[in-house]
Amino acid sequence: MISSNSLTYQYPSSSSVLAFPNLNLDEAESLLILGKSGVGKTTLLHLLAGLLNPATGNITINHTNITTLSAKALDAFRGKQIGMVFQNNHALRSLTVLENLKARLYFTKKTSNKNALVELLNVLGIADCQNKKTNELSIGQLQRLGIALAVVHQPKLILADEPTSSLDDTNCTKVMQLLQEQATANKANLIVITHDQRIKANFKNVLSL
Ligand SMILES: Nc1ncnc2c1ncn2[C@@H]1O[C@H](COP(=O)(O)OP(=O)(O)OP(=O)(O)O)[C@@H](O)[C@H]1O
């Protein structure tokens, strides 16, 4: 469950204030946020992830108002409850795929066994890459690893920043399916921001900024 109200943000070096519509998602609901370049999509995603503090307004995720948390409590909350799929993969290049998943679990203070990790990689179609370093992966495999890293700790909110914009139609469909399957499996909210109109049909809830 996630809700926000009266959210605004102003970058320190900017004279304009970005204002965002209120959000209200029940458990396991998904939302696609569309908007032209520069409208504030990434800013909104970073506010929802607690990476930026809003100038005004509140964000409540699973009954916790994250705007009132201390920096330390917010880091802990984000680690446990939120998974992010970034435009550019944030995997650690010196580690293998499996080691990256273990490192993510370590940082989120969650545990899992090797079989479960390999099963996740299997679902995402990259189990055969488990012992490869991430610089040996193709763009599509890296994209799947990005999803694995975002969901391995079973977050209740998955935030994805332009997960499909650099993909061809086939991989775009596959990545969206994988994200939605993972959200459903964890009863998590999924929020995707993009200007990729191809994925509109995958969502019941669409918000245009
Ligand atoms: N660090 C910053 N300092 C000042 N202004 C910024 C900063 N980051 C973004 N902005 C401005 O805030 C506005 C919203 O930016 P944001 O990155 O959220 O847009 P976006 O919709 O995600 O764009 P895109 O689709 O191009 O990624 C833009 O006008 C941008 O120029």
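Residues numbered from 1 in each chain as written. Predicted model: local features only at pLDDT ≥ 70, side-chain atom pairs only at ≥ 80, totals over all residues. Heavy atoms only, no water.

Per an unreviewed UniProt entry, the protein chain is named ABC transporter ATP-binding protein, and its organism is Croceivirga radicis.

**Student:** Sorry if this is basic, but what is going on with the overall build of the protein chain here?
**Tutor:** Within the protein chain one finds six helices and ten strands. Considering only C-alpha atoms, the protein chain reaches an extent of 50 × 40 × 35 Å along its principal axes. The buried share of the protein chain, reckoned over its 209 residues, is 46%. Split by element, the accessible area of the protein chain, about 10500 Å² in all, is 49% carbon and sulfur. Distance between charge centres in the protein chain, computed from 20 positive and 14 negative side chains, equals 6 Å. (Helix = DSSP H or I, 4+ residues; strand = E, 2+ residues; numbered from the N terminus. Buried < 20%, exposed > 50% of the residue type's maximum accessible area, 1.4 Å probe, protein only. Areas by Shrake-Rupley, 256 points an atom, 1.4 Å probe, with all protein chains shown as cover. Lys, Arg positive; Asp, Glu negative; His and termini not counted. Charge placed at Lys NZ, Arg CZ, Asp CG, Glu CD.)

**Student:** Hey, could you run me through unusual backbone geometry in this one?
**Tutor:** Most peptide bonds are trans, and most residues other than glycine sit at a negative phi. In this structure, Asn 62 is a non-glycine residue whose phi angle is positive, near 45°. Along the chain, the position of Asn 62 falls in the loop between β5 (56-61) and β6 (64-65).

**Student:** Is there a simple way to think about the site of the ligand in this case?
**Tutor:** Neighbouring the ligand are Tyr 11, Ser 13, Leu 18, Lys 36, Ser 37, Gly 38, Val 39, Gly 40, Lys 41, Thr 42, Thr 43 and His 195. In the model, an oxygen atom of the ligand is placed 3.0 Å from a nitrogen or oxygen of the Gly 40 main chain. Here Thr 43 contributes a side-chain N or O atom positioned 2.5 Å from an oxygen atom of the ligand. Counting residues per element, the shell around the ligand draws most heavily on helix α1 (residues 41-48), at three residues. Residue composition of the shell around the ligand, grouped by class: three nonpolar, seven polar and two charged. (Near = heavy atom within 4 Å. Polar contact = N/O pair within 3.5 Å; in protein donor to acceptor, adjacent residues only side chain to side chain. Nonpolar A, V, L, I, M, F, W, Y, C, P; charged D, E, K, R; others polar.)

**Student:** Explanation requested: the packing of helix α3 (residues 97-108) against helix α4 (residues 114-123) in the structure shown.
**Tutor:** The packing of two helices is summarised by the inter-axis angle and the distance between the axes. Taken N-terminus to C-terminus, the directions of α3 and α4 make an angle of 115°; their axes are 11 Å apart at the nearest point. Taken as a pair, α3 and α4 cross one another with a handedness that is right-handed. Together, Val 97, Leu 98, Leu 101, Lys 102 and Leu 105 of α3 and Lys 114, Leu 117, Val 118 and Leu 121 of α4 make up the contact between the two elements. A per-class count over the contact of α3 with α4 returns seven nonpolar, no polar and two charged. (Axes fitted to C-alpha atoms, helices over the stretch in contact; angles between N-to-C directions. Left-handed = near helix turned anticlockwise from the far one by under 90°. Contact = heavy atoms within 4.5 Å.)

**Student:** I tried to follow the side chain of Gln 130 on my own but got confused; where do I start?
**Tutor:** Within the fold, Gln 130 resides in the loop between α4 and α5 (139-151). The exposure class of Gln 130 is buried, given its relative accessible area of 15%. Once you skip the residues sitting within four places of it in the chain, Gln 130 turns out to touch Thr 96, Val 97, Leu 98, Lys 114, Val 118 and Leu 121.

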